[in-house]
Each structure stands twice: as structure tokens, then as C-alpha cells.
Amino acid sequence: MNYFLQKFKAEYFLRLGLGLMYLYSGFDLFVNPRHWYGFVPKWLSQFLLPAVSVDFYLKAQGVGEFLIGLILVALFFRGQLVRAVAWLAAIEMALIIGFVGIDPITFRDIGLLGAALALLLILSSNNGKK
């Protein structure tokens, strides 16, 4: 068991879990933006409509989330890039909790925020060794 824990660090499991979630949500946001309309706060959709459509916004978010997922899953990416992506993930989850509000799936967002913060803590404790 000790060999297993040394070989596969917690960082890799956090990156894989968060990365797969972001790949899934990014792909679905891009392909099916209408499925996500209910998660866009009304004030944000009203703010966006003069400039861009909600579809465009959600597709752009999908591309961004897919890229975050790729960076997290591809273990050859290391260092500052992965740390920046962990920050983005934590900020996104905090903003979702703050602006979308409490709903039946908030528990998931709290867990994802915790995972992103844990990954950020692990990466920061490496002192740039990766």
C-alpha cells in the first residue's frame, strides 16, 4: 500500500477527478449550451445580451473549461500552469457558489471547490519543484 501511495500522489487523483469533470462540463457546455441556461444567473444573462448571446457565452465557457480539463488530465503539464489552472478552478467554483446561490447541487460545487483548493495547496507546498 505504501508503494502505491508513493507512486500515485494525491495530486494526480485530484487532477484526474477535476480534469475529467472539466472535460465533461466543457464539452457539454459547448455542444448543448441550452441545457445550461438555468445555471446562468438572470442578471448575468441580462448583462450579456446586449454584447453577446447566452449561447456564445456558454460555448466560450465550455472551451475554457475543456482546456482546464486537458491541462489537469495531461500530467506532463506542471508547475505554474497547473497552479494557475487550480486557481481558476477554485475561483470559478467560489463564483458559482456565490452567484448562482444555494440549490440542490450546491454540495457538488462545495466539494469541487475543496478539491481545487487542496490541489492548489499541494502544488504550492512543492515550492516550484514541479
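Let us look at the structure shown here. (Residues numbered from 1 in each chain as written. Predicted model: local features only at pLDDT ≥ 70, side-chain atom pairs only at ≥ 80, totals over all residues. Heavy atoms only, no water.)

### Topic: the overall build of the chain
For step 1, the next point in the chain: For the chain, the helix and strand inventory stands at six helices and zero strands.
For step 2, the next point in the chain: Walking the chain from its N terminus toward its C terminus, one meets helices and strands in the order α-α-α-α-α-α.
For step 3, the next point in the chain: Considered along the principal axes of its C-alpha atoms, the chain spans approximately 55 × 25 × 25 Å.
For step 4, the next point in the chain: Out of the 130 residues belonging to the chain, those deemed buried represent 34%.
For step 5, the next point in the chain: Carbon and sulfur atoms form 73% of the exposed surface of the chain, whose accessible area is close to 8,200 Å².
For step 6, the next point in the chain: The average position of the 11 basic charges and that of the 7 acidic charges among the side chains of the chain differ by 12 Å. (Helix = DSSP H or I, 4+ residues; strand = E, 2+ residues; numbered from the N terminus. Buried < 20%, exposed > 50% of the residue type's maximum accessible area, 1.4 Å probe, protein only. Areas by Shrake-Rupley, 256 points an atom, 1.4 Å probe, with all protein chains shown as cover. Lys, Arg positive; Asp, Glu negative; His and termini not counted. Charge placed at Lys NZ, Arg CZ, Asp CG, Glu CD.)

### Things to note about the nonpolar core
For step 1, the next point in the chain: If you look at the biggest cluster of nonpolar residues, it comprises 19 residues, and the most contacted ones within it are Leu 18, Tyr 22, Leu 72 and Leu 119.
For step 2, the next point in the chain: When residues of this core are assigned to their parent elements, the largest contribution, seven residues, is made by helix H6 (residues 106-125).
For step 3, the next point in the chain: Non-local contacts of Tyr 22, meaning those with residues more than four positions away in its chain, are made with Glu 65, Phe 66, Ile 68, Gly 69, Leu 72, Ala 89, Glu 92 and Met 93.
For step 4, the next point in the chain: Listed in part, the six residues of the second largest apolar core include Leu 29, Val 40, Leu 44 and Leu 48. (Core = buried A, V, L, I, M, F, W, Y, C linked by side-chain atoms within 4.5 Å. Contact = heavy atoms within 4.5 Å.)

### A short note on the packing of helix H4 (residues 54-73) against helix H5 (residues 80-100)
How two helices sit against one another is set out by the angle between their axes and by the gap between those axes.
For step 1, the next point in the chain: Their axes nearest at 10 Å, the elements H4 and H5 cross at an angle of 135°. Our classification of the angle between H4 and H5 gives oblique. As for the relative orientation of H4 and H5, their crossing is left-handed in sense. Packed against H4, whose contacting residues are Gln 61, Glu 65, Ile 68, Ile 71 and Leu 72, the element H5 presents Leu 81, Val 82, Val 85, Leu 88 and Glu 92 at the interface.
For step 2, the next point in the chain: Partitioned by chemical class, the residues of the contact of H4 with H5 number seven nonpolar, one polar and two charged. (Axes fitted to C-alpha atoms, helices over the stretch in contact; angles between N-to-C directions. Parallel < 35°, antiparallel > 145°, perpendicular 65-115°, else oblique. Left-handed = near helix turned anticlockwise from the far one by under 90°. Nonpolar A, V, L, I, M, F, W, Y, C, P; charged D, E, K, R; others polar.)

### Considering the packing of aromatic side chains
Centre-to-centre distance and the angle between the planes together describe a pair of aromatic rings.
For step 1, the next point in the chain: Counted by the stated rule, this structure contains three aromatic pairs.
For step 2, the next point in the chain: For the ring pair Trp 36 and Phe 39, a centre distance of 5.8 Å and an interplane angle of 55° mean the geometry is tilted.
For step 3, the next point in the chain: The class of Phe 39 is partly exposed, set by a relative accessible area of 37%.
For step 4, the next point in the chain: Just above the ring of Phe 30 sits the side chain of Lys 59; from NZ or CZ to the centre is 5.5 Å. (Phe/Tyr/Trp six-rings, centres within 6.5 Å; stacked < 30°, edge-to-face > 60°. Lys NZ or Arg CZ within 6 Å of the ring centre and 35° of its normal.)

### Quick look at H5
For step 1, the next point in the chain: Taking 1.5 Å of rise per residue, the 21 residues of H5 would be expected to cover 30 Å, and the 29 Å separating its terminal C-alpha atoms lies within 8% of that figure.
For step 2, the next point in the chain: All of the buried residues in H5 are Val 82, Arg 83, Val 85, Ala 86, Ala 89, Ala 90, Glu 92 and Met 93.
For step 3, the next point in the chain: Contact partners of the buried residues in H5: helix H2 (10-31), H4 and H6.
For step 4, the next point in the chain: Of the residues flanking the end of H5, it is Gly 101, one or two places downstream, whose phi is positive at about 95°. (Expected span 1.5 Å × (residues − 1).)

### Focus: the pattern of salt bridges
For step 1, the next point in the chain: Here the structure, examined in full by the defined rule, presents two salt bridges.
For step 2, the next point in the chain: Ionic pairing is found between Arg 15 and Glu 11, a salt bridge with its closest N-O pair at 3.4 Å. Here the residue Arg 15 and the residue Glu 11 both occupy positions in helix H2, the gap between them amounting to four residues, near one helical turn.
For step 3, the next point in the chain: Look at Arg 15 and you get buried, because its relative accessible area is 1%. (Salt bridge = Lys/Arg side-chain N within 4 Å of Asp/Glu carboxyl O.)

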